[in-house]
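# Observations on the model geometry
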Amino acid sequence: RDVGVDGARALFTEADRQKREMGRTLPLAHSSQQLGMLERLVGNAAESERILREGVTVLTEASSSAVSIVAAFHAESLYDLARYDDADRAAQTAINSWGMDIASSVIGMRVRAMVSARAGRFDDAERTAREALGMIDETDFIIDRGDARVGLAEVLELAGRREEAIAVARD
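Residues numbered from 1 in each chain as written. Predicted model: local features only at pLDDT ≥ 70, side-chain atom pairs only at ≥ 80, totals over all residues. Heavy atoms only, no water.

### So, the packing of aromatic side chains
Evaluation of the coordinates by the stated rule reveals 1 aromatic pair. Residues Tyr79 and Tyr84 carry aromatic rings whose centres are separated by 5.2 Å and whose planes lie at 55 degrees to one another, so their mutual orientation is tilted. Taking the relative accessible area as the measure of exposure, Tyr84 reaches 25% and is therefore partly exposed. (Phe/Tyr/Trp six-rings, centres within 6.5 Å; stacked < 30°, edge-to-face > 60°. Buried < 20%, exposed > 50% of the residue type's maximum accessible area, 1.4 Å probe, protein only.)

Rendered as structure tokens:
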């Protein structure tokens, strides 16, 4: 059934409330990615960042391998907030912690590439974005493949290569 954004938020929030009541901090941190991603998708980057920051903190303290994907989503929220240095650090955590989680590494690489482009390091940015694209294209993660292309397109756009950016985005 389709519950919409408000319904999804209510379901995630209720599940989080129950976990808090039971003292289930680690499962709560693991699930921060769902509510954090939802808030980001609806344009609430500040709330997304807060939720994901809490998740990263708990998962880091617990030495959980799930920190990689939560850190990757956290990096995206920080980037949306134009907190580029923080986004770069969060992206590096996602990359360094990825283990077998290729999606976390690719998201982290994409964010690092966009941060590099914003700093005017266009060669490094494009190289990183294309490396991420090459890695994710070996998978069947269709959404991550699209996101990697959007990241490369942003790098190209920031480098003043608008037509190439449009072609990559269309792909």
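### Details of the nonpolar core
Within the largest apolar cluster, 27 residues are counted, with the highest numbers of intra-cluster contacts made by Tyr79, Ala87, Val106, Val111, Ile136, Leu152 and Val155. For this core, the leading source of residues is helix H6 (residues 102-118), giving 8 residues. The contacts of Val155, once residues within four sequence positions are left out, are Ala113, Met114, Ala117, Ala125, Glu126 and Ala129. Listed in part, the 12 residues of the second largest apolar core include Leu52, Val70, Ala72 and Phe73. (Core = buried A, V, L, I, M, F, W, Y, C linked by side-chain atoms within 4.5 Å. Helix = DSSP H or I, 4+ residues; strand = E, 2+ residues; numbered from the N terminus. Contact = heavy atoms within 4.5 Å.)

### Things to note about the environment of Leu59
If you trace the backbone, Leu59 turns up in helix H3 (residues 45-61). Here Leu59 falls in the buried class, since its relative accessible area comes to 0%. Distance in space between the C-alpha atoms of Leu59 and His30 is 7.4 Å, their sequence separation being 29 residues.

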